[in-house]
Amino acid sequence: MAADNSQKEIHWNRTRNLMIVHLAIWFVFSFVVHWFAIALNKFSFMHFPLGFYMAAQGSLIVFVVQLFAFAWQQNKIDQETGMAEEE
Amino acid sequence: MSIFRMQGSFIDNLPKIYGFYTGGFIVFIGIMSLAEKAGMSADTIGLFFVGFTIVIYALIGWMSRTMQLDAYYVAGRQVPAVFNGMATAADWMSGASFVAMAGGIYMGGHPYLAFVVGWTGGYVLVAVLMAPYLRKFGCYTVPDFIGTRYGGNVARFCAVVVLVVASFTYVTAQINATGTIASRALLVPFGVGIWLGLAGILICSMLGGMRAVTWTQVAQYIVLIIAYLVPVIWMSNKQGFGWFPQIEYGDAVRKIAGLETVHQVGVLKPPEAVKGLSALTTLHNGPPGTFVSRVQFVTLVACMMMGTASLPHILMRYFTTPSVRAARVSVAWSLLFIFMLYFTAPALATFTKLQMLDPSLPTAIIGKTLAEVDAHTWVQKWSQVGGVKVIDFNHDGIVQINEFFMRGDIVVLATPEIAGLPYVISGLVAAGGMAAAMSTADGLLLAIANALSHDLYYKMIDPKADVRHRLIVARVLLIVIGAAGAAVASLRLTGILGAVAWAFDFAMSGLFFPLVLGVWWKRANRAGAIAGMVIGFAVGTWYLYMVYAGGMKPWWGIDHLRFGIIGATASLVSMVVVSLLTPAPDKETMDMVDEVRIPKGQTILGSAH
């Protein structure tokens, strides 16, 4: 079982790192960009003031794309470490 | 009917069944618009829309009836990721999202977008921190996880209490919304509408539990998203903004900024208030500038997100997927389906505002004479029911920005009329609002009743109860809680959004950290979890009381909508401190956490626990 346990450890380390990466992205688009909305409004994106755009649409798109990417990445980790479910 | 009993073929045929259903609904809309041309009255069309859709949901609820535990509690764990995503989206988007969100953005401008960000980004927390692990756990309810991970009835009981308080706060607002819509569409008094709405909600959930709720929620999502998108796209197209209003309203935002200067938005304040209505005093693109307003924006975002990740009626949707992997993918689909509505709401708010403010458009209100404003049929109609009020304070015969009062939810409900669309669209919007409120109410009622029947009755009071008894108790509780919710809702205590935000704050105060740390921190133990739930919940409630009724000045702008920040902080600190001061969990618990962390292998709890 030792081999299995070390696989589990690798799996969990990679899972944890993935969590940290995704929560960092989440933090930036949930809080940081909106804190600086006034500064961002000086820029224009698709005719929108950027600060407004991020709150009305930009952050949301990031979250959606991020979640599909997360599901794919975590599945890859599960399979490479032999921790995936049997289909 | 038999397809609903032959599970295998039913699941395989889902795309076909719901494709057929969607086509049928579109045909129904077509028939209604022909009937309108043939002279059917607006009231009759509204009645048909709401009545017809409720009958369909009831039919699905009846066909999904079951006497099996797994089907009743977790829909047999065979809901495919995409369909679970649709069901979650309907479960999630409440009457408030459907009816009040665009109006809130209209009145509140940029700061209100905190709700849009918070109610979507919370799903990142759900996917990354919680859903896959709870699915692996194999629990029936959220307290089931707390009770097994930390052990003991006290922890389980605390989780049940937090769940009931948070969900009940939320469900009264939903029953209130179904009552409002039902009374308007079915032409009955509000008090009767509430009980009719409740009857519809119960038919969808009582016979088939989670299985019935799942398949009605998918049907409700289809109705509500069509009902939200069609009027906006139609209106946008009619006004020359194109087929994709969501990506084309950037110029409208800039144009409004210019018009706001002309109309002196934010400079002219109404000299007196009108109860329940507001005049526009906030700039559309006025991002938070001061330190306190920035803190208010990010704390509201944080509360809505952490609340999302702690609300049991959302988490339990991910117990129904066939695998851990499907649970993760399903969260992504859920957010995509939710996004469809949430990125449309700001577009709708912007277009409606432009139509009111731009004097060159025929729909303009502000800057026009009283006679011109009164000539709009929607102004007449909504004035009669107290949704709109014009007071010419300075007696100049012209409507200024601070003289036009309206209720926020008019932005969604009156859009078809403001833009001059046929009444069939108003009927469609009523059906959509009904679907949104009913689907959320169903999920919430089931979450409460399941926690009480499974965790309180079966796990704590009568562990020897057989399947039949457990399912009968579950159903009786569903009726009792629904009736209690309807009784409270008929008192009309709070506005829809106040109560909804509180539910998020309650849930995050008591449950967020015990759930997250249960998976991510092995050292977390029973005493710590109990402390986290009790102290977090108590401190949050105390703070709510103090700032809402006790006259205390909010700390750094953290008002009653954001009390979860205080509660969750207290919860985290007390949980960590108490866990570290008491012995570590035993090896069995540690091994269990290890098992939860990997998708492979059996669920922790067996299928009929």
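Bear in mind that the values here come from a model prediction, so they are computed numbers and not experimental data. (Residues numbered from 1 in each chain as written. Chains lettered and ligands numbered in written order. Predicted model: local features only at pLDDT ≥ 70, side-chain atom pairs only at ≥ 80, totals over all residues.)

Novice: Please explain the packing of helix 3 (residues 14-37) of chain B against helix 12 (residues 209-238) of chain B as it appears in this structure.
Specialist: In helix packing, the relevant descriptors are the interaxial angle and the interaxial distance, both defined with respect to the helix axes. Residues and elements named next belong to chain B. Viewed as axis vectors pointing N to C, helix 3 and helix 12 meet at an angle of 40°, and their least axial separation amounts to 11 Å. Considered as vectors, helix 3 and helix 12 are oriented oblique to each other. The two elements helix 3 and helix 12 cross, and the hand of that crossing is right-handed. Between helix 3 and helix 12, the residues in contact are Tyr18, Tyr21, Thr22 and Phe25 and Val218, Ala219, Ile222, Val223 and Ile226, respectively. Taken together, the residues of the contact of helix 3 with helix 12 break down into eight nonpolar, one polar and no charged. (Axes fitted to C-alpha atoms, helices over the stretch in contact; angles between N-to-C directions. Helix = DSSP H or I, 4+ residues; strand = E, 2+ residues; numbered from the N terminus. Parallel < 35°, antiparallel > 145°, perpendicular 65-115°, else oblique. Left-handed = near helix turned anticlockwise from the far one by under 90°. Contact = placed C-beta atoms within 7 Å. Nonpolar A, V, L, I, M, F, W, Y, C, P; charged D, E, K, R; others polar.)

Novice: What's the story with the nonpolar core in this structure? I'm lost.
Specialist: One broad rule of soluble globular proteins: the nonpolar side chains tend to lie buried together. Among the nonpolar cores identified, the biggest contains 239 residues, and A:Leu67, B:Met130, B:Leu224 and B:Ile448 are the most heavily contacted of them. It is helix 23 (residues 423-461) of chain B that provides the largest number of residues to this core, a total of 21 residues. When residues no more than four places from it in sequence are discounted, the contact partners of B:Leu224 are B:Ala90, B:Met93, B:Phe98, B:Gly432, B:Ala435 and B:Ala436. (Core = buried A, V, L, I, M, F, W, Y, C linked by C-beta atoms within 7 Å. Buried ≥ 20, exposed ≤ 12 C-beta atoms within 10 Å, placed from the backbone.)

Novice: What's the story with the packing of helix 4 (residues 42-63) of chain B against helix 12 of chain B in this structure? I'm lost.
Specialist: Residues and elements named next belong to chain B. Their axes nearest at 8 Å, the elements helix 4 and helix 12 cross at an angle of 155°. By the angle between their axes, helix 4 is roughly antiparallel relative to helix 12. Here helix 4 and helix 12 pass one another in a crossing that is right-handed. When helix 4 is examined against helix 12, the residues Thr53, Ile56, Tyr57, Ile60 and Gly61 are found in contact with a partner set consisting of Ala212, Trp215, Thr216, Ala219, Gln220 and Val223. For the contact of helix 4 with helix 12, a count of residues per class yields seven nonpolar, four polar and no charged.

Novice: Quick question: what am I supposed to make of the interface of chain A and chain B here?
Specialist: Interfaces are often sized by the accessible area lost when the parts come together. Counting residues at the interface gives 38 residues for chain A, matched by 41 residues for chain B. Elements supplying a minimum of two residues to the side of chain A that touches chain B: helix 1 (2-35), helix 2 (37-40), strand 2 (48-49) and helix 3 (50-80) of chain A. Looking at which element gives the most residues to the side of chain A that touches chain B, the answer is helix 3 of chain A, with 17 residues. Its residues assigned to classes, the side of chain A that touches chain B comprises 23 nonpolar, twelve polar and three charged.

Novice: Honestly, helix 23 of chain B in this entry has me stumped. Any pointers?
Specialist: A rise of 1.5 Å per residue sets the reference length of helix 23 of chain B, with its 39 residues, at 57 Å; its end C-alpha atoms lie 54 Å apart and thus fit the reference within 8%. For helix 23 of chain B, a buried count of 35 out of 39 residues is recorded, marking the element as mostly surrounded by other parts of the structure. (Expected span 1.5 Å × (residues − 1).)

Novice: Honestly, unusual backbone geometry in this entry has me stumped. Any pointers?
Specialist: What you tend to see is this: most non-glycine residues have negative phi, and most peptide bonds are trans. Positive phi values are uncommon outside glycine, yet A:His47 reaches one of about 75°. Counting through the fold element by element, A:His47 comes out in the loop between strand 1 (44-45) and strand 2. Of note in this structure, B:Ala75 is not a glycine but carries a positive phi near 50°. Looking at where B:Ala75 falls in the secondary structure, it is placed in the loop between helix 5 (69-74) and helix 6 (81-92).

The quantities given are spatial measurements derived from coordinates; they are silent on function.
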